[in-house]
Amino acid sequence: MKPVIEIVDLHRIYNTGATPVHAVRGISLRVMPGEFVAIMGASGSGKSTLMNTLGCLDRPTRGIYRIDGTNVAALDSDALAAIRNHKIGFVFQGFNLLSRTTALENVELPMLYAHPPLPGDEMRRRALRSLGQVGLANRADHVPNQLSGGQQQRVAIARALVLGPSLLLADEPTGNLDTRTSIEIMGVFQKLNDAGMTVVMVTHELDVARFARRIIIMRDGRIRRDDVVNPRLTSAEELARVAAEEQAADLVS
Amino acid sequence: MKRLFAIIRVALRALRRNLMRTLLTMLGIIIGVTAVIGMVSIGTGARVQVEQQIAALGQNVVMIMAGNMSRGGMFSGMGGAPTLTLDDAVALRKEVDGVAYMSPEVRGNVQLVAGNLNWNASVMGVSHEYLDLRAWPLAEGDFFTEEDINGAARKVVLGQTTAKKLFEDASPIGATVRVKGIPFTVVGLLSAKGSNMMGQDQDDVALVPHTTAMRRLFGQNFLRSINVSATDASSIENVTTQISELLRQRHRILPGRDDDFMIRSQAEITEFATSTAKTMTGLLGAIAGVSLLVGGIGIMNIMLVSVTERTREIGIRLAVGARKRDIMRQFLTEAVLLSIVGGLIGIGVGMGVSSALAAQFNWPTLTPSYAIVGSFAFSAVIGIFFGYYPARKAAQLDPIEALRYE
Ligand SMILES: Nc1ncnc2c1ncn2[C@@H]1O[C@H](COP(=O)(O)OP(=O)(O)OP(=O)(O)O)[C@@H](O)[C@H]1O
Ligand SMILES: [Mg+2]
């Protein structure tokens, strides 16, 4: 089987400031189809930088990145745009929703650039289904500043899923969510992963990382550990546990 | 097609989001197009009117005026110099071939009194051929005859305005009018002619035989001008040459010296007037063009601001799969919509303003369809031209840099 993601000795050096920042210092990694990878690491360890590169938003300074066997360095900007559009779903650390634009329209956004073009009612139908997947169907007409942080995060996830990508990249998808909602989102990810979607996510919390199948730990732009998750958490069990805990807390108080 | 609608919808939404700014940006184009449409409409209307007025001078008319502009000052020009005599006119009628009608002309502003009403009108001494010459029909009564001319009869034909001032709504035919205190009988009433190119009311006149005018009213033996009409358009030039030769000979002007008279044919006047109108239209058009250009620069300015403001939005669109050309198309569409909608509003306002002005000042206005199509196309071109640079700037953004933009 061909890896979805294959990077070899990847470097990313930022030259924007006074001194160059070596954010990623030689990472090699393979992610096979159907994997569910969690990337962990301290703040500033280069997780977002790596994700941006994986998402074809940024080009590496050095090293090779192949997505589905295609060397990204050989692709022009239109080909990269097409990959971002239908192959990859990207959830940003800071949501990146269009302000003053409804949740529905935000979710429809990738479909505006789809090839072949989709009819308007089909776009609407798919966007609503995607919002339903993250439990936000009843907030379709709200604009981002009428939504809580967690709800905005879920709109961003719905947008990433709307064109049915084969690779989901999520940078801190649960960073703004409470425990219960985090578990629900992980449930969505696990379901998508069970259906065959490859998922790579960044998280700070070990509790969240343990919903994945594989955990990668980064430090100072390098991979320090790469482990299989065992035992793995499932959202159904965790939800039941949280519900029981809540009930117990209620009984106590 | 479907995609185009989607793009237009997105652009409209973006423009609606900042409605005030959108309107202010369009104002430049609106004013520019309004100016173009208004000026072209008024200019075209004016030209049509001038053409009508020139036609109203009569057919194939040649005017000989006393004095010469290029000789001496203002006063000696335009009929003020005593160089044309009645004998010149008589000789001209007799000796020049191809003359259909001839009328000498003297004039002065004189008080007319009828009953207890009085009015200052331009009294013109003309020949019995004057009305034929100017293709000016009578509304009532008769014109004076050759005998009246020879006998210096005290007969007067009134213009519409003069008649109204002296007789109000009653018929003036047969009544007596005192001109400079001398009683004249009203024999005819002219039909209305309206105002001339200079805006003077041509109906504010009283016509008397030129002999009567020279002897009894003005006591002068020289003419202001001689008007002649050629038998047909092709003989105008020939007639003009003959007149010039005859008058130079009669006035004993040595070869190489300037004429002491001026000959103007109707064709020349038409040419002058239309070329003046064309120059004016061109000039006004240029001014309007400049304001359109300023409007375009306004669009470019706002689009540049908009690109900067919406850098994050552009980043998001790029991140979800928009290609450079999608971004380019979106911003270009916005610019073109701005200018086209502005242009359409401008066309509407321009036509409204010019027809309002026309009604106010009694001008004819015509909005030629080329002006409408032209200004619509021009505003679209302005949108594309001035929208291109900002749109390209937007499309050149790097997705990750754009997303990071605060
Ligand atoms: N555009 C940039 N210009 C310069 N330096 C940058 C830029 N982006 C990131 N860096 C630096 O690169 C390093 C890695 O940043 P990155 O955002 O990848 O960290 P991270 O692991 O995602 O951190 P966090 O967990 O806080 O999100 C940091 O030291 C950061 O300061
Ligand atoms: Mg990060």
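Note that the coordinates shown come from a computational prediction; the quantities given were computed from them, not determined experimentally. Within any chain, residue numbers begin from 1 and follow the written order of that chain's sequence. To read the labels, note that chains go from A and ligands from 1, taken in the order they are written. In view of the model being predicted, local features appear only for residues whose pLDDT reaches at least 70, and side-chain atom pairs are presented and counted only at 80 or more, with totals across whole chains, interfaces and linings using the full set of residues. Values reported for side chains reflect all heavy atoms of the structure, with hydrogen atoms and water molecules removed beforehand.

A. Structural context of the environment of Gly348(B). Residues and elements named next belong to chain B. In this structure, Gly348 sits in helix 11 (residues 324–361). Given the relative accessible area of 41%, Gly348 is considered partly exposed. Between the alpha carbons of Gly348 and Leu19 there is a distance of 20 Å; along the sequence they are 329 residues apart. Runs of E in the DSSP output that reach at least two residues are strands. Runs of H or I that reach at least four are helices, and both are numbered from the N terminus. Only protein chains enter the calculation, and the probe is 1.4 Å; a residue is then buried if its accessible area is under 20% of its type maximum, exposed if over 50%, and partly exposed in between.

B. How the structure looks around the layout of surface pockets. As a volume, the second largest pocket reaches approximately 500 Å³. As for the second largest pocket, its lining consists of 27 residues, of which Ser99(A), Arg100(A), Arg17(B), Arg310(B) and Glu313(B) are closest to the centre. Elements with a contribution of two residues or more to the lining of the second largest pocket: helix 1 (2–17), helix 2 (19–56), helix 9 (266–309), helix 10 (311–319) and helix 11 of chain B. Counting residues per element, the lining of the second largest pocket draws most heavily on helix 9 of chain B, which supplies 4 residues. Just so you know the grouping, Ala, Val, Leu, Ile, Met, Phe, Trp, Tyr, Cys and Pro go in nonpolar, Asp, Glu, Lys and Arg go in charged, and all remaining residues, Gly too, go in polar. A class-by-class count of the residues in the lining of the second largest pocket yields 10 nonpolar, 9 polar and 8 charged. Site definitions follow a grid-based scheme: protein atoms alone, a 1 Å grid, a 1.4 Å probe that fits but cannot get out for cavities, and for pockets an open set with protein on both sides within 12 Å along at least five of seven lines, plus lining residues having an atom within 4 Å of a point. Grid points are joined across faces, edges and corners, and a volume is the space filled by probe spheres set on the points.

C. Fine view of the site of ligand 1. Around ligand 1 lies a shell of 16 residues, among which Thr16(A), Ser43(A), Lys47(A), Ser48(A) and Thr49(A) are the nearest. A single heavy atom is enough: if one lies within 4 Å of a molecule or strand, its residue is considered near that molecule or strand. At ligand 1, the nearby residues belong to more than one chain, namely chains A and B. Within 3.5 Å is the distance limit for a polar contact, defined as a pair of N or O atoms, with the added protein rule that one can donate a hydrogen and the other accept it, and that residues adjacent in sequence qualify only through two side-chain atoms. Contact distances for ligand 1 include 2.7 Å between an oxygen atom and a side-chain N or O atom of Lys47(A). Take Gln93(A): an N or O atom from its side chain is 2.9 Å from an oxygen atom of ligand 1. Taken by itself ligand 1 offers 630 Å² of open surface, and the protein chains cover 72% of this. Going through the elements one at a time, strand 2 (21–31) and helix 1 (47–54) of chain A are the ones with two or more residues in the shell around ligand 1. Across the shell around ligand 1, the residue classes break down as 4 nonpolar, 9 polar and 3 charged. Note on areas: these come from Shrake-Rupley sampling with a 1.4 Å probe, and a residue is covered only by the protein chains present in the view.

D. Main features of the sheet that holds strand 8 (residues 198–202) of chain A. All names here are of chain A. Only strands joined by at least two bridges in the DSSP assignment are considered to pair. Strand order in the open sheet formed by 6 strands is 6-7-8-3-9-10, with mixed pairing between adjacent strands. Both outer strands of the open sheet, strand 6 (88–91) and strand 10 (222–228), are each paired with one neighbouring strand and no more. The average undirected angle you get between the axes of adjacent strands in this sheet is 15 degrees. Pairing geometry for strand 6 and strand 7 (residues 167–171), over 4 bridges, is parallel. Residue pairing for strand 7: Gly89 is matched across the bridge by Leu168. Note on geometry: axes are C-alpha line fits, over the in-contact stretch for helices, and angles between N-to-C directions span 0 to 180 degrees.

E. Representation of the domain arrangement of chain B within the structure. Assigned domains of chain B: these are domain 1 (2–52 + 275–404) and domain 2 (84–259). What fixes the domain bounds is an automatic or database domain assignment. A separation of 56 Å is found between the C-alpha centroids of domain 1 of chain B and domain 2 of chain B.

F. Seen up close, the interface of chain A and chain B. At the junction of the two partners, chain A supplies 29 residues and chain B supplies 24 residues. Carbon and sulfur atoms make up 54% of the area that chain A and chain B hide from each other, which totals about 2,400 Å². Within this document, salt bridges are pairs made up of a side-chain nitrogen of Lys or Arg and a carboxyl oxygen of Asp or Glu, the two lying within 4 Å of each other. Connecting chain A to chain B are 2 salt bridges. As a salt-bridge pair, Arg325(B) and Asp78(A) come within 2.2 Å of each other at their nearest N and O atoms. Between the two partners, chain A and chain B, sit 10 residue pairs in polar contact (both at pLDDT 80 or more). Sorting elements by how many residues they give to the side of chain A that touches chain B places helix 2 (residues 77–87) of chain A first, with 5 residues. Every residue pair with non-hydrogen atoms within 4.5 Å of one another is taken to be in contact. Buried area is calculated as the accessible area (1.4 Å probe) missing from two parts once they are joined, with the contributions of both summed.

G. View of the sheet that holds strand 2 of chain A. Residue and element names in this part refer to chain A. Strands sit in the order 2-1-4-5 across an open sheet of 4 strands; the sheet is antiparallel. Every other strand in the sheet has two partners, leaving strand 2 and strand 5 (70–71) as the edge strands with one partner each. Sheet topology places strand 1 (residues 5–14) next to strand 4 (residues 62–67); 5 bridges connect them, and they run antiparallel. Residue His11 lies in a different strand from strand 4, and its bridge partner there is Arg62.

H. Spatial organisation of the pairing of strand 12 (residues 261–265) of chain B. Residues and elements named next belong to chain B. Along strand 12, 4 of the 5 residues are buried, which leaves the element largely enclosed by surrounding structure. Here strand 1 (residues 61–66) runs beside strand 12; their pairing, made up of 5 bridges, is antiparallel. Across the sheet, residue Met65 finds its bridge partner in strand 12, namely Met262.

I. Representation of a nonpolar patch on the surface within the structure. Residues enter patches when they are more than 30% accessible in relative terms and free of salt bridges; like-charged ones are connected within 9 Å and nonpolar ones (Val, Leu, Ile, Met, Phe, Trp, Tyr) within 5 Å. A contiguous nonpolar patch, built from Met20(B), Leu24(B), Leu27(B) and Ile31(B) and spanning about 410 Å² of accessible area, is present on the exposed surface. If you trace the backbone, Ile31(B) turns up in helix 2.

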